[in-house]
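Given next are the chains, with one letter for each unit.
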Amino acid sequence: MTIAGVAETYTDLVTTVFSSTIAAKAWFASAALILALVQVTTAARIYGKLSFLPERGPTIARIHRWSGRIAFLCTLPVFFHCVTILGFQTPDARVAIHSIVGTFVYGVFVAKVLIVRDHSLPGWALPTAGLSLASILVVLWLTSALWYFTTVRFGF
Amino acid sequence: MGRGWRPILIGGAVAVGTFALAQAQVFAPSAPAGGAAAAGDSSRGETVFQRECAGCHGDGGKGGGVGPALFETGLDAAEVSAVVQQGRGVMPAGIVTGQEQADVVAYVVSVSSPSG
């Protein structure tokens, strides 16, 4: 398969379900955002906050881990199209903010995963990394999916 | 340097790698040679246009949204292809690709052709 053929194959694959690659990204990003909110909520519960939620324990921890894994999977097609096909662009403020913030998303994700596994770090490190990652996803969603749904069309 | 810097350094390296990958656009489709557009079907393109483009360019490309009117503006296929592929202003690059792009280009060229 040629390099140009990869983009064509990706488009063909995605448009079997969605109307366009941009629509697919908008919905994958929305799913990732919802799962990121689940991540923040369950993390808060793990840290003893939001006591109105079910008791913290293995179930909350399992929901936290799996929502993170699925959110990561949802970002992969978005990453593929944004980074390897469209690239870094700055034609206007919205796209520039999206490009700049998007550059950091996997860097912050990797840092967060490393912080989870390093128990020698101070207690504030993990919530800071987690909230940074969630904030990045919110900004990326606002500058892409929300723009698409409100400006172009709301649909699959 | 303390061990605490490791996540930040590795995360920073991943961000730099992401930026490099984005600059390379390794899978971006190249423009057709000589600016020639692939064969498109304007009737199929009209359907795609109404779905993806009319929100900004108006029904039939007659304007009314955030994008410019395209009707009777004399655009050629190479110019339309370039804008669809690369984006312009608030319009994102690659909003339609592949055969749909060729079809939309054919449709936009047909509506932008001056009728007089």
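Here the structure is a predicted model, which is why all the values come from computation and not from measurement. Each chain carries its own residue numbering, running from 1 in the written order of its sequence. Going through the entries in the order they are written, you letter the chains from A and number the ligands from 1. At least 70 in pLDDT is required for a residue's local features to be given in this predicted model, at least 80 for side-chain atom pairs to be given and counted, and no such filter applies to totals for whole chains, interfaces and linings, which use all residues.

We now examine the overall build of chain B. A tally of regular secondary structure across chain B gives five helices and zero strands. If you list the helices and strands of chain B from N to C, you get α-α-α-α-α. Three exposure classes are used, based on other C-beta atoms lying within 10 Å of a residue's own C-beta, which is placed from the backbone: buried for 20 or more, exposed for 12 or fewer, and partly exposed in between. Within chain B, buried positions represent 35% of all 116 residues. The contact criterion used is a C-beta to C-beta distance within 7 Å, with each C-beta placed from the backbone. Of the contacts formed within chain B by residues at least 6 apart in sequence, a portion of 68% connects residues at least 24 apart. The helix count covers DSSP runs of H or I at least four residues long, the strand count covers runs of E at least two residues long, and both are numbered beginning at the N terminus.

So, on to the overall build of chain A. Scanning chain A from N- to C-terminus turns up six helices and zero strands. In terms of overall dimensions, chain A has C-alpha extents of about 45 × 35 × 30 Å along its principal axes. Taken across its 156 residues, chain A has 40% of its residues classed as buried. Of the contacts formed within chain A by residues at least 6 apart in sequence, a portion of 67% connects residues at least 24 apart.

This paragraph deals with the nonpolar core. One finds A29, A32, V108 and L137 of chain A together with V104, V105 and V108 of chain B to be the most contacted residues of the largest nonpolar core, which totals 60 residues. Per element, the largest residue contribution to this core is twelve residues, and it comes from helix α2 (residues 21-46) of chain A. Aside from chain neighbours lying at most four places away, what touches A32 of chain A is A71, C74, T75 and L137 of chain A. For our purposes the nonpolar core covers buried Ala, Val, Leu, Ile, Met, Phe, Trp, Tyr and Cys residues that link as a set through C-beta atoms within 7 Å.

Before going further, it helps to examine the interface of chain B and chain A. Of the residues lining the interface, 37 residues belong to chain B; the matching set on chain A comes to 36 residues. Among the elements of the structure, α1 (6-24), α2 (42-52) and α3 (54-57) of chain B are those that each provide at least two residues to the side of chain B that touches chain A. A per-element tally of the side of chain B that touches chain A places α1 of chain B first, with 13 residues. Amino acid classes used here: Ala, Val, Leu, Ile, Met, Phe, Trp, Tyr, Cys and Pro are nonpolar; Asp, Glu, Lys and Arg are charged; the rest, including Gly, are polar. When grouped by side-chain class, the residues that make up the side of chain B that touches chain A number 19 nonpolar, 13 polar and five charged.

All names here are of chain B. Interaxial angle, 0 to 180 degrees, is taken between N-to-C directions of lines fitted to C-alpha atoms, where a helix line uses only the stretch in contact. Viewed as axis vectors pointing N to C, helix α4 (residues 77-86) and helix α5 (residues 98-112) meet at an angle of 130°, and their least axial separation amounts to 9 Å. In terms of axis orientation, α4 runs oblique to α5. Both α4 and α5 take part in a crossing whose hand is right-handed. Residues A77, V80, S81 and V84 of α4 form the contact with α5, whose own contacting residues are Q101, V104, V105, V108 and V109. Looking at side-chain class alone, the contact of α4 with α5 contains seven nonpolar, two polar and no charged residues. In what follows, roughly perpendicular refers to angles from 65 to 115 degrees, roughly parallel to angles under 35, roughly antiparallel to angles over 145, and oblique to any angle outside these ranges. Left-handed describes a crossing whose near helix is turned anticlockwise from the far helix through less than a right angle; right-handed describes the clockwise counterpart.

How far a helix is expected to stretch is found by multiplying one less than its residue total by 1.5 Å. Taking 1.5 Å of rise per residue, the 26 residues of α2 of chain A would be expected to cover 38 Å, and the 37 Å separating its terminal C-alpha atoms lies within 8% of that figure. Of the residues trailing α2 of chain A, G48 of chain A is marked for its positive phi of about 90°.

Right, let's talk about the environment of F79 of chain A for a bit. Mapped onto the elements of the fold, F79 of chain A is located in helix α3 (residues 58-86). Sequence separation of F79 of chain A and G102 of chain A is 23 residues, and the distance between their C-alpha atoms is 8.7 Å.

What follows covers unusual backbone geometry. Of note in this structure, L50 of chain A is not a glycine but carries a positive phi near 50°. Here L50 of chain A shows up in the loop between α2 and α3. For L50 of chain A, a count of 15 C-beta atoms within 10 Å gives the class partly exposed. Residue E72 of chain B is not a glycine yet carries a positive backbone phi of 55°. Residue placement: E72 of chain B occurs in the loop between α3 and α4.

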